[in-house]
Amino acid sequence: MRLHIGDSARWQVRAAVERLLARDRVEAVAFRDELARLLADPRELIDLSSAIPEFPTVPIREVITHGHRLFLWERGDEIWVGGVWPQRAF
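What you see is a predicted model; the values in this text were computed from it and never measured.

Draft legend 1. Main features of the overall build of the chain. A count of helical and extended segments in the chain gives three helices and five strands. Of the regular secondary structure in the chain, the N- to C-terminal order runs β-α-α-α-β-β-β-β. Radius of gyration (C-alpha) of the chain: 13 Å, near the 12 Å computed for a compact globule of 90 residues. For the chain, the spread of C-alpha atoms along the principal axes amounts to about 40 × 25 × 20 Å. Across the 90 residues of the chain, 31% fall into the buried class.

Draft legend 2. How the structure looks around the pattern of salt bridges. In this structure the tally under the stated criterion is six salt bridges. Glutamate 44 is the salt-bridge partner of arginine 37, the closest N and O atoms lying 2.6 Å from each other. Look at glutamate 44 and you get partly exposed, because its relative accessible area is 24%. Here arginine 69 and glutamate 54 are joined by a salt bridge, their closest N and O atoms 2.9 Å apart. Here glutamate 54 lies in the loop between strand S2 (50-51) and strand S3 (61-65) and arginine 69 lies in strand S4 (residues 68-75), a separation of 15 residues in the sequence. Judged by its relative accessible area of 38%, glutamate 54 is partly exposed.

Draft legend 3. Looking closely at the nonpolar core. Core analysis: the biggest nonpolar cluster contains 16 residues, and Phe31, Leu45, Val63, Leu70, Leu72, Ile79 and Val81 have the highest contact counts within it. When contributions to this core are tallied by element, the ones reaching two or more residues are helix H1 (7-23), helix H2 (25-40), helix H3 (42-48), S4 and strand S5 (78-86). Setting aside its immediate chain neighbours within four residues, leucine 45 contacts Leu3, Leu38, Leu39, Val63, Leu72, Ile79 and Val81.

Draft legend 4. View of the side chain of glutamate 62. Mapped onto the fold, glutamate 62 is located in strand S3. Classification of glutamate 62 by relative accessible area gives buried; the value is 4%. A polar atom in the side chain of glutamate 62 sits 2.4 Å from the side chain of arginine 69. In this structure glutamate 62 touches Leu48, Ser49, Ser50, Ala51, Ile52, Pro53, Arg69, Leu70 and Phe71, once residues within four positions along its chain are discounted.

Draft legend 5. Local environment of the packing of H1 against H2. Between H1 and H2, the least distance of the axes is 6 Å, while the angle of their chain directions is 150°. The pairing of H1 with H2 is recorded here as roughly antiparallel in orientation. Touching Val13, Ala16, Val17, Leu20, Leu21 and Arg23 of H1 are Arg25, Glu27, Ala28, Phe31 and Leu35, all from H2. For the contact of H1 with H2, the class distribution of residues is eight nonpolar, no polar and three charged.

The rules behind these values
Residues numbered from 1 in each chain as written. Predicted model: local features only at pLDDT ≥ 70, side-chain atom pairs only at ≥ 80, totals over all residues. Heavy atoms only, no water. Helix = DSSP H or I, 4+ residues; strand = E, 2+ residues; numbered from the N terminus. Rg over C-alpha atoms; globule rule 2.2 N^0.38 Å. Buried < 20%, exposed > 50% of the residue type's maximum accessible area, 1.4 Å probe, protein only. Salt bridge = Lys/Arg side-chain N within 4 Å of Asp/Glu carboxyl O. Core = buried A, V, L, I, M, F, W, Y, C linked by side-chain atoms within 4.5 Å. Contact = heavy atoms within 4.5 Å. Polar contact = N/O pair within 3.5 Å; in protein donor to acceptor, adjacent residues only side chain to side chain. Axes fitted to C-alpha atoms, helices over the stretch in contact; angles between N-to-C directions. Parallel < 35°, antiparallel > 145°, perpendicular 65-115°, else oblique. Nonpolar A, V, L, I, M, F, W, Y, C, P; charged D, E, K, R; others polar.

This is the structure we're talking about:
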């Protein structure tokens, strides 16, 4: 299984870490480490994901970690991460 991270998701991860660093360095490191763990095992990422409550019929799923929502979808044997948004934005 291959994992792809879209360009916008990369920028959103970077912005999330920068926001967390400004507020709480320990939380920023924990968020970074948790993302690294999740992204290292795409099957676990899918296993931990759930339907988006606001759009339950859409095939995009989410994983919530450290106050952020990672949006992803499966396409064949590939997983795409398309966005990372603060959870409080919803």
